[in-house]
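# Examining the three-dimensional arrangement
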Amino acid sequence: MDAPWDKAIPFAWPIKLDAASIAMTRTLASDETGINQAAALLEAGQLVAFPTETVYGLGGDARSDLAVARIFEAKGRPSFNPLIVHLPDLAAVQSIAEMGPNALALAKAFWPGPLTLVLPQREGTGLSPLVSAGLPTVAVRVPAHPLAQRLLRRFGGPIAAPSANPSGRVSPTRAEHVLDGLSGRIAAVLDGGSCDVGLESTIVQADPVPVLLRPGGVPVEAIEKTLGQPLHMVGDVERPTSPGQLASHYAPEARLRLGATSAMAGEVLVGFGPVPGDLTLSAEGDLVEAAANLFHTLRLADRMAGSGGMIAVAPVPDHGLGRAINDRLRRAAAPR
Ligand code: TXA
Ligand code: MG
């Protein structure tokens, strides 16, 4: 889907690409050849960004210390912040991690899909210890995107993948977003168009007590219904249990003002529902559409705001996917 504003600023986007660095990061097509090339690069310990239904992941062989170290380096990510391991199915997950009753119930309900479970790691899995940053747990996810599934099966091993953006910045939902942030720093990006969900996975530590570590693509309400009990919350961003949940994250260049019903002088207004904007997350007030548009719209608003500019964002209801949208917006607006 190309929004009208894509055409309104033809040369401003994406501005950070330069010919020399694009030449170093290859764009692979979403066909057999592309999948084979991506798998071969992973086998060689190189980094390949690939689409998932949530956001693009920055993939490396989760068994290779070198590949995992390269992921941290390419993103500029603090090494205390562990990575999610992607696997093709439940059986593969059970070979590296222990699953209690809540974990199994959630896996059966939501995999493949936008849910990550934090589980006790088994002994002798062959995973690089860098993946889990020294924690006894491991975060695992079975993605639903057909290209992610094909790549996992072709590669035949666990793929460690954070979101494919420089640490702290806006997550990528299109191949060109990946190139905008990481061109010249990774071997290739597998181009699968735009991501359907548009928000990262929901992260849950399931057993013995279910705890929400990050709201995301599976609404909290759906998880609580499956478990038949409320989730405990990790609310204290000063002492995160999920080390990646830092106060400032997902940040565009421009400053953000939230809960805006109109623009102040010099602001680019991102609308939602009844609040029209220069751009909108969803004119119909549809939270699923808003989630899918969120990161791309923030990038466009950033370009339009220019250096030293401001972005104002309309209120988004705090239920369903709105909860994860508001989580990302709050972190994007947090003091840096
Ligand atoms: O949708 C997604 O989850 C995307 C796609 C690519 O799968 N990935 C993603 O990864 O969002 P990343 O690295 O941006 O976020 C992973 C989060 C971080 O907040 C990290 O701290 C947390 O998962 N995490 C990873 N391992 C953990 C563990 N063992 N215990 C607690 N939190 C963990
Ligand atoms: Mg991320």
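Structure shown above.
Let us look at the structure shown here. Quick caveat, the model's predicted, so the values are computed rather than measured.

From N to C terminus, the chain includes 11 helices and 15 strands. Residues classed as buried in the chain amount to 55% of the 336 residues present. Of all intrachain contacts in the chain linking residues separated by at least 6 positions in sequence, the fraction that spans at least 24 positions is 69%.

Attention shifts here to the sheet that holds strand β9 (residues 202-205). The sheet built from 11 strands is open, its strands ordered β1-β8-β2-β3-β7-β4-β6-β5-β9-β10-β11 with mixed pairing. The sheet terminates laterally at β1 (26-28) and β11 (232-233), the two strands that pair on one side only. Of the strand pairs in this sheet, strand β4 (residues 84-86) and strand β6 (residues 137-141) are connected by three bridges, and their pairing is parallel. From the neighbouring strand, I84 faces β6, where its bridge partner is A139.

Residue position: S132 is located in the loop between β5 (115-120) and β6. Using a relative accessible area of 6% as the deciding quantity, one classes S132 as buried. Look past the residues within four positions of S132 in its chain and what remains in contact with it is P82, Q121 and T137.

Here we come to the packing of helix α3 (residues 32-43) against helix α7 (residues 146-155). Taken N-terminus to C-terminus, the directions of α3 and α7 make an angle of 50 degrees; their axes are 9 Å apart at the nearest point. Relative to α7, the element α3 is oriented oblique. Viewed along their axes, α3 and α7 form a crossing whose handedness is right-handed. Counted together, E32, I35, N36, A38, A39, L42 and E43 of α3 and L147, R150, L151, R154 and F155 of α7 form the full contact between these two elements.

This part is about the sheet that holds strand β15 (residues 310-313). Taken in spatial order, the four strands make up an open sheet running β12-β15-β13-β14, and their pairing is parallel. Strands at the two margins of the open sheet, each flanked by one partner only, are β12 (255-257) and β14 (279-280). Examined bridge by bridge, strand β13 (residues 267-271) and β14 share two bridges and lie parallel to one another. Across the sheet, residue G271 finds its bridge partner in β14, namely T280.

The α-helix winds at 3.6 residues per turn, so residues separated by three or four positions along the chain end up facing the same way. Extensive coverage of helix α8 (residues 175-182) is indicated by the burial of six of its eight residues. For α8, every residue scored as buried is listed here: A175, H177, V178, L179, D180 and L182. The secondary structure elements touched by the buried residues of α8 are β1, β2 (48-50), β3 (57-61), α4 (65-75), β8 (188-190) and α10 (287-305). Backbone geometry just after α8 places G184 at a positive phi near 85 degrees.

Let us look at the pairing of β6. When a strand is regular, its side chains alternate between the sheet's two faces. By the criterion of burial, β6 is predominantly enclosed, with four of the five residues buried. Both β5 and β6 contribute to a ladder of five bridges, which runs antiparallel. Within the sheet, the bridge partner assigned to P120 lies in β6 and is T137.

Thresholds, definitions, all that
Residues numbered from 1 in each chain as written. Chains lettered and ligands numbered in written order. Predicted model: local features only at pLDDT ≥ 70, side-chain atom pairs only at ≥ 80, totals over all residues. Heavy atoms only, no water. Helix = DSSP H or I, 4+ residues; strand = E, 2+ residues; numbered from the N terminus. Buried < 20%, exposed > 50% of the residue type's maximum accessible area, 1.4 Å probe, protein only. Contact = heavy atoms within 4.5 Å. Pairing = 2+ DSSP bridges. Axes fitted to C-alpha atoms, helices over the stretch in contact; angles between N-to-C directions. Parallel < 35°, antiparallel > 145°, perpendicular 65-115°, else oblique. Left-handed = near helix turned anticlockwise from the far one by under 90°.

In short, the description is geometric, and any link to function would need to be established separately.
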